[in-house]
Amino acid sequence: MEVFLASRRVKIAGPRLYIEEFSKEIRGEVTEDTDKKITMRNVMVGIICTFFFFLPIVEGDVYWQAKVMYHNTFADKNEVVAQTEDILGNSAENILNQGYGVAGDEYNFYIEDGTEIVRTDKNFQNKKYLTDNGEQMAYSDLNLAGDWLYFMEGNAISRMKTDGSDKEVIQNIDIPMDVQISGEWIYYISIEDESNVYRMNLNGENLERYLDVYANSIAVYEDYMILSYSEDEDDYKPNIERVNLKDKSREVQFDLVSTNLIEWDGYYYYTGANSKLMRVQIETPSNPEVLVDEYITSFTITDQSLIYTVESTYDTKIYISNIDGSNEQRIPGKSSMIDGLTKLGDSVLFYTWNSNGYATVNRFDLNSKEVKKMNELVQE
C-alpha cells in the first residue's frame, strides 16, 4: 500500500483487502477476525509511519482519525482488566466535581494538594501515597474498576493497581473531559475532536467516536448517559438527552438552560440561568424549581442533603441544606475558591485554595457536621 498527498487530499493505493481494512481502522471499526487483525497490525505500522510523515500539513478530521488509528494499533496492554457489567467507576456527582476522590469497598482514594494520589482505609487512617509526583502533574477524574485505579494525569488517561504498582498511560492523544467508567467502557468528552463523546475499553483499546455531538457534559450511570450538548460552540442553550448505553438510542429530556446536570431520585439537579441551583422532575420537566437563588459554583447531593458553594464579591463559601434547598446552614470554611466536592462514604471532602495555588483538603462529616483538615485527621 502507498499513501499520496496532493492538493491537501490523501490518496491510498494498494490491494483492495488492505484498503478496506485501513478504512475500517481509520473509522475506529474493529474486525471480528482476530488473526486478520494481527496481520493487519503489521501492515498498519508501515502505513501509519508513512502517513504521520504528512501530518504537519494535513488538517481536520483526517489528522484526528489518523491519531485514533495510531492509538488503536499500538494499544495492546499485557494485563486485561475485567469489569462486571453495569458497575460504575465513580459517581457522576464526583466526576462533575473534578473527580478528586473515589470510594472503594476497602479503601478511600483522593487527591492531596492537587498533585498526589493517596489511599486510606474507610476511617481515613493508614494513609499511603500511591504517587511520587516530582513533576507536579495535576490529577483528576479518579475511577475504580476491579483492583485498578484510573485517573487523569495532565491530559493523559492513566491507570495503576490500587496499591500503586503497575502504573501506565493508556491514552495520551487527546484532551479528555468528564472521564467516567461504566461496565467495560471508559467514556469521555474529546476536546481534540470538537467535544464529541468517545469511549474505549478498560485496556485503552478500541477507541472510537461514540456520539457525534458538541457535548457540554456527560453523566454516566449503569446503563445510560445523561448528555448535555449544543448545536455548535456558539450555541448557549444545551439540549438534554438520555442515551441508552446498550444501543445508543436517544430520548430528549428538556431544553432548559442547564450545566452540571445530574440525576437523583426522580429529579434532574443542575445550575440554570445565572448559575442558580435548580431541579426539575424527570416525569414533568416543564416546571423547574429554584432551590438556591444565589450564584452557585459547584454542588453535590447526598441522601438527605445538598452541599454547594456560593461565590460572593471577595470569596467563596460552602453551605448545606435539605435536599429541597430549605434550612440552609453555613459550613465552616471559606476561600477565594472552593471546589472538588467529593463524596466518600459519610463524608464530603472539599478543597480550599489560597492565592499561591495551594489546596487544603477538608473533610465534612455528614453525621457530626464537623469540618477537619485532612492533614490533621489522617495518620500514616
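Residues numbered from 1 in each chain as written. Predicted model: local features only at pLDDT ≥ 70, side-chain atom pairs only at ≥ 80, totals over all residues. Heavy atoms only, no water.

## A closer look at the pairing of strand S20 (residues 267-271)
Consideration 1: Counting buried positions over the 5 residues of S20 gives 5, a clear majority of the element.
Consideration 2: Pairing geometry for strand S19 (residues 259-264) and S20, over 4 bridges, is antiparallel. Each residue of the ladder has a partner; that of Glu263, found in S20, is Tyr268.
Consideration 3: Pairing of S20 with strand S21 (residues 277-281), which is carried by 5 bridges, proceeds in the antiparallel orientation. (Buried < 20%, exposed > 50% of the residue type's maximum accessible area, 1.4 Å probe, protein only. Helix = DSSP H or I, 4+ residues; strand = E, 2+ residues; numbered from the N terminus. Pairing = 2+ DSSP bridges.)

## Section: the sheet that holds strand S17 (residues 239-244)
Strand pairs in the sheet, formed through backbone hydrogen bonds, run parallel or antiparallel to each other.
Consideration 1: As summarised here, the arrangement of the 4 strands in space is S15-S16-S17-S18, forming an open sheet in which the pairing is antiparallel. Of all the strands in the sheet, just strand S15 (214-220) and strand S18 (250-254) have a single pairing partner and so form its edges. Strand after strand, the sheet turns through a mean of 30 degrees between neighbouring axes, direction not considered.
Consideration 2: Examined bridge by bridge, strand S16 (residues 224-230) and S17 share 6 bridges and lie antiparallel to one another. Counterpart to Tyr224 in the pairing with S17 is Asn244. (Axes fitted to C-alpha atoms, helices over the stretch in contact; angles between N-to-C directions.)

## A few points about the side chain of Lys343
Consideration 1: With respect to the helices and strands, the residue Lys343 is situated in strand S27 (residues 337-344).
Consideration 2: Of the polar contacts made by the side chain of Lys343, one reaches the backbone oxygen of Ile301; its length is 2.8 Å.
Consideration 3: Non-local contacts of Lys343, meaning those with residues more than four positions away in its chain, are made with Ser91, Glu93, Asn94, Trp264, Thr300, Ile301, Thr302 and Val348. (Polar contact = N/O pair within 3.5 Å; in protein donor to acceptor, adjacent residues only side chain to side chain. Contact = heavy atoms within 4.5 Å.)

## Here's the deal with the layout of surface pockets
Consideration 1: One number sums up the size of the largest pocket: a volume of about 360 Å³.
Consideration 2: Around the largest pocket, the lining is made up of 21 residues, and of these Leu96, Asn97, Gln98, Thr297 and Ser298 lie nearest the centre.
Consideration 3: Mapped by element, the contributors of at least two residues to the lining of the largest pocket are helix H4 (92-95), strand S7 (139-145), strand S11 (176-182), S19, strand S23 (296-301) and S27. (1 Å grid on protein atoms, 1.4 Å probe; cavity = no way out; pocket = protein on both sides within 12 Å on 5 of 7 lines; lining within 4 Å. Points joined across faces, edges and corners; volume = space filled by probe spheres on them.)

## Some words on the confidence of the model for the chain
Consideration 1: Confidence along the chain averages 83 in pLDDT terms, with 79% of residues attaining 70 or more.
Consideration 2: No element of the chain has a lower mean pLDDT than strand S1 (residues 2-6), which averages 44, and none a higher one than strand S3 (residues 101-103), which averages 97.
Consideration 3: Within the model, the stretch residues 1-15 combines pLDDT values under 50 with 34 contacts to residues more than four positions away or in other chains. (pLDDT = per-residue confidence, 0-100.)

## Digging into a negative patch on the surface
Consideration 1: Taken together, the side chains of Glu194, Asp212, Glu231, Asp232, Glu233 and Asp234 present a region of like negative charge at the surface.
Consideration 2: With respect to the helices and strands, Glu231 occurs in the loop between S16 and S17.
Consideration 3: Of the residues examined, Glu231 reaches a relative accessible area of 58% and is grouped as exposed. (Patch = residues over 30% accessible without salt bridge, like charges linked within 9 Å, V, L, I, M, F, W, Y side chains within 5 Å. Areas by Shrake-Rupley, 256 points an atom, 1.4 Å probe, with all protein chains shown as cover. Salt bridge = Lys/Arg side-chain N within 4 Å of Asp/Glu carboxyl O. Lys, Arg positive; Asp, Glu negative; His and termini not counted. Charge placed at Lys NZ, Arg CZ, Asp CG, Glu CD.)

## Some points on unusual backbone geometry
Consideration 1: In this structure, Gln98 is a non-glycine residue whose phi angle is positive, near 80 degrees.
Consideration 2: Its place among the elements puts Gln98 in the loop between H4 and S3.
Consideration 3: Under the relative-accessibility criterion, Gln98 is labelled partly exposed at 31%.
Consideration 4: We note that Asn260 has phi near 55 degrees; this positive angle belongs to a residue other than glycine.
Consideration 5: Its location among the elements puts Asn260 in strand S19.

## Looking at the sheet that holds strand S25 (residues 316-322)
Consideration 1: In spatial order, the strands read S23-S24-S25-S26; together these 4 strands make up an open sheet with antiparallel pairing. A single partner strand is all that each edge strand has here, and the edge strands are S23 and strand S26 (329-335). On average, each strand axis in the sheet is inclined to that of its neighbour by 20 degrees, with strand direction left out of account.
Consideration 2: Strand direction decides the pairing type here: strand S24 (residues 305-311) and S25, joined by 7 bridges, are antiparallel. Bridge pairing links Glu311 to Thr316 in S25.

## Some points on the pattern of salt bridges
Consideration 1: By the definition in use, this model includes 14 salt bridges.
Consideration 2: Salt-bridge contacts for Arg159 lead to Glu168; the nearest nitrogen and oxygen are separated by 2.6 Å.
Consideration 3: The exposure class assigned to Arg159 is buried, which follows from its relative accessible area of 0%.
Consideration 4: Among the salt bridges present, the one from Arg250 reaches Glu241, with a minimum N-O distance of 2.6 Å.
Consideration 5: When its relative accessible area of 38% is taken as the criterion, Arg250 is described as partly exposed.

## Topic: the environment of Arg330
Consideration 1: Positionally, Arg330 belongs in strand S26.
Consideration 2: Relative accessible area serves as the criterion here: at 40%, Arg330 is assigned to the partly exposed category.
Consideration 3: On a C-alpha basis, the gap between Arg330 and Thr309 in space is 9.9 Å, while along the polypeptide they are 21 residues apart.
Consideration 4: If sequence neighbours within four positions are ignored, Arg330 has contacts with Lys317, Ile318 and Tyr319.

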